Amino acid sequence: MRKFTVYEMAEISVLACLIIVAGSFKIPTGIPGSEFQLSAPLAVAIAAVFGFKRYLIAGILSSIILFLLSIHTIINIEISMIFRLTVGLIIVFFGTSLPVLLIAGPIGTTMARIGLAMTLGVPFWTLYIPTIPGMVITAACAWPLTKLLRSTYQKVGSRQYEKRAI
């Protein structure tokens, strides 16, 4: 197994912090119980730009930090991990094209709600319907955030790897 460089560890830590901070912004959608978290489209963008491995490690790290701070519960972690695995695997198998990025977040949310419904023993539709506005916003924001992260990474982040190769 390959060891991480200091730069890669710092990069993953920054990505975890981005996920944590973006998740703290909850935007109301007008439907009771259905706020939108900016961390969903950001997670799709991180998976598309930085790859599944870094995305998953950053996500696990963010979940651990939020759990240790008593901000998240085991159920929050379950929802997050189902979402992360679904989004990450969709991107791994189908690439980072626009249609894939548009549907990855909503499919991840759907799978997370299925898991939550099974855990809580409640009907799926009662958990799913309030998430529809957030899924629409996630689909709309995933592509612009991916372009922003990709542009930033190409201008700043990838230079670190070029220096090491010389």
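Up top is the structure.
Note that the structure is predicted; figures quoted are calculated from it, not measured.

Engineer: I'd like a description of the packing of aromatic side chains, backed by residues and values.
Structural biologist: The full count for this structure, using the stated rule, is four aromatic pairs. Ring geometry for Phe124 and Tyr128: centres 4.9 Å apart, planes at 25°, overall stacked. Residue Phe124 and its partner Tyr128 are both found in helix α6 (residues 124-128); the two are separated by four residues, about one turn of the helix. Each member of the aromatic cluster is reached from another via a ring pair, and the members are Phe124, Trp125 and Tyr128.

Engineer: Give a detailed account of unusual backbone geometry, specifying residues and quantitative values.
Structural biologist: Not every positive phi belongs to a glycine, and Ser70 is a case in point at roughly 60°. Along the polypeptide, Ser70 turns up in the loop between α3 (52-68) and α4 (74-94).

Engineer: Describe the environment of Val87, listing the residues and the values that go with them.
Structural biologist: Tracing the chain through its elements places Val87 in helix α4. With relative accessibility at 0%, the residue Val87 sits in the buried group. Remark: the alpha-carbon pair of Val87 and Ile107, spanning 20 residues in sequence, is separated by 7.4 Å.

Engineer: Explain the packing of helix α2 (residues 39-50) against α3 to me, and be specific about the residues and the numbers.
Structural biologist: Orientation of α2 relative to α3, taken along the N-to-C sense of each, is 140°, at an axis distance of 7 Å. In terms of orientation, α2 lies oblique with respect to α3. Taking contact as the criterion, the partners of Ala43, Ile46, Ala47 and Phe50 in α2 are, on α3, Phe52, Arg54 and Tyr55. The class makeup of the residues in the contact of α2 with α3 is six nonpolar, no polar and one charged.

Engineer: Quick one: what's the story with the layout of surface pockets, residue by residue and with numbers?
Structural biologist: In this structure, the largest pocket spans a volume of roughly 870 Å³. If you go around the largest pocket, you meet 32 residues; those closest to its centre are Gln37, Ser39, Ile79, Ser80 and Arg113. The set of elements that each furnish at least two residues to the lining of the largest pocket consists of α1 (6-24), β2 (36-37), α2, α3, α4, α5 (98-120) and α7 (132-165). When residues in the lining of the largest pocket are grouped by element, the largest group, five residues, is from α4. Per-class residue counts for the lining of the largest pocket are 13 nonpolar, 15 polar and four charged. Empty space within the second largest pocket amounts to approximately 240 Å³.

Engineer: Provide a residue-level description of α2, including the pertinent values.
Structural biologist: Every α-helix winds through 3.6 residues per turn, so residues three or four apart in the chain are directed the same way. Taking 1.5 Å per residue, twelve residues should reach 16 Å; α2 reaches 15 Å between its end C-alpha atoms and fits that length. Listed in full, the buried residues belonging to α2 are Ser39, Ala40, Pro41, Leu42, Ala43, Val44, Ala45, Ile46, Ala47, Ala48, Val49 and Phe50. One or two residues past the end of α2 sits Gly51, with phi positive at roughly 95°.

Parameters at a glance
- Residues numbered from 1 in each chain as written.
- Predicted model: local features only at pLDDT ≥ 70, side-chain atom pairs only at ≥ 80, totals over all residues.
- Heavy atoms only, no water.
- Phe/Tyr/Trp six-rings, centres within 6.5 Å; stacked < 30°, edge-to-face > 60°.
- Helix = DSSP H or I, 4+ residues; strand = E, 2+ residues; numbered from the N terminus.
- Buried < 20%, exposed > 50% of the residue type's maximum accessible area, 1.4 Å probe, protein only.
- Axes fitted to C-alpha atoms, helices over the stretch in contact; angles between N-to-C directions.
- Parallel < 35°, antiparallel > 145°, perpendicular 65-115°, else oblique.
- Contact = heavy atoms within 4.5 Å.
- Nonpolar A, V, L, I, M, F, W, Y, C, P; charged D, E, K, R; others polar.
- 1 Å grid on protein atoms, 1.4 Å probe; cavity = no way out; pocket = protein on both sides within 12 Å on 5 of 7 lines; lining within 4 Å.
- Points joined across faces, edges and corners; volume = space filled by probe spheres on them.
- Expected span 1.5 Å × (residues − 1).

What is shown is where atoms sit, not what they do.
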